[in-house]
Amino acid sequence: MYAYKLGKKSLRKLVGVHPILAFAVSEAIKVCKVDFGVVDGVRTMERQRKLVKQGRSKTFRSYHLYGLAADLVPYVDGNYRWDDPSSFQEIAVAMKKVIHKHNLPIEWGFEKWGWDMPHWQMTGYRAKYDIRKIDARFA
């Protein structure tokens, strides 16, 4: 439908992310009206601490630590656009299309908390999936 595909950096950011969420992101880019990239997938606790200190995250129990979250940001004219709510909405339309089509347990941070437009996470999987216990590279 649209000519967008995930770039190498985005694909690297999906390494370690739960396969269901990685699948949803990979399918959403194909049906999205705007290009986007994955700017964050699995995080280390060290990175999480820095983000909390900078005020860019509010928790030390982020789903990113478990491989259960990904941040998707519009990519326009070679740059990530954090200031374009309408493009985030287009990403949401595409993600929801994939989520509903395949009945996937994924929720949008913006709908859950009223902020965090880039954030998408698996629901009900924190006790079942922890990439840190599966792959030592993420421990």
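Up top is the structure.
In what follows, the accompanying structure is described. (Residues numbered from 1 in each chain as written. Predicted model: local features only at pLDDT ≥ 70, side-chain atom pairs only at ≥ 80, totals over all residues. Heavy atoms only, no water.)

1. A look at the overall build of the protein chain
Then comes step 1: Looking only at helices and strands, the protein chain has six helices and five strands in total.
Then comes step 2: N-terminal to C-terminal, the α/β element order of the protein chain is α-α-β-α-β-β-α-β-α-β-α.
Then comes step 3: Taken against the 2.2 N^0.38 rule, which gives 14 Å for 139 residues, the C-alpha radius of gyration of the protein chain at 14 Å falls within 12% of a compact globule.
Then comes step 4: Across its three principal axes, the protein chain shows a C-alpha extent of roughly 40 × 30 × 30 Å.
Then comes step 5: A buried classification covers 46% of the 139 residues belonging to the protein chain.
Then comes step 6: A separation threshold of at least 6 residues defines the contact pool for the protein chain, and within that pool the share at least 24 residues apart is 63%.
Then comes step 7: As presented, the protein chain carries roughly 8000 Å² of accessible surface, and 53% of it is formed by carbon and sulfur atoms. (Helix = DSSP H or I, 4+ residues; strand = E, 2+ residues; numbered from the N terminus. Rg over C-alpha atoms; globule rule 2.2 N^0.38 Å. Buried < 20%, exposed > 50% of the residue type's maximum accessible area, 1.4 Å probe, protein only. Contact = heavy atoms within 4.5 Å. Areas by Shrake-Rupley, 256 points an atom, 1.4 Å probe, with all protein chains shown as cover.)

2. Overview of a nonpolar patch on the surface
Then comes step 1: Together, Tyr75, Tyr80 and Trp82 make up a nonpolar patch on the protein surface, roughly 320 Å² of accessible area in all.
Then comes step 2: Note that Trp82 resides in the loop between strand S3 (79-80) and helix H4 (85-102).
Then comes step 3: When its relative accessible area of 53% is taken as the criterion, Trp82 is described as exposed. (Patch = residues over 30% accessible without salt bridge, like charges linked within 9 Å, V, L, I, M, F, W, Y side chains within 5 Å. Salt bridge = Lys/Arg side-chain N within 4 Å of Asp/Glu carboxyl O.)

3. Describing a positive patch on the surface
Then comes step 1: A cluster of basic residues, Lys8, Lys9, Arg12 and Lys13, forms a positive patch at the surface.
Then comes step 2: For Lys8, the location among the structural elements is in helix H1 (residues 8-13). (Lys, Arg positive; Asp, Glu negative; His and termini not counted. Charge placed at Lys NZ, Arg CZ, Asp CG, Glu CD.)

4. Focus: the nonpolar core
Then comes step 1: With 40 residues, the main nonpolar core has Leu21, Val25, Phe36, Leu72, Met95, Ile106 and Trp120 as its most contacted residues.
Then comes step 2: Listed by contribution, the elements that provide at least two residues to this core are helix H2 (19-31), strand S1 (36-40), strand S2 (69-76), H4, strand S4 (106-108) and strand S5 (119-122).
Then comes step 3: It is H4 that provides the largest number of residues to this core, a total of seven residues.
Then comes step 4: Residue contacts for Leu72: discarding those within four places in its chain leaves Val25, Phe36, Gly37, Val38, Phe88, Ile91, Met95, Pro118 and Trp120. (Core = buried A, V, L, I, M, F, W, Y, C linked by side-chain atoms within 4.5 Å.)

Function cannot be read off these values alone, since they describe shape.
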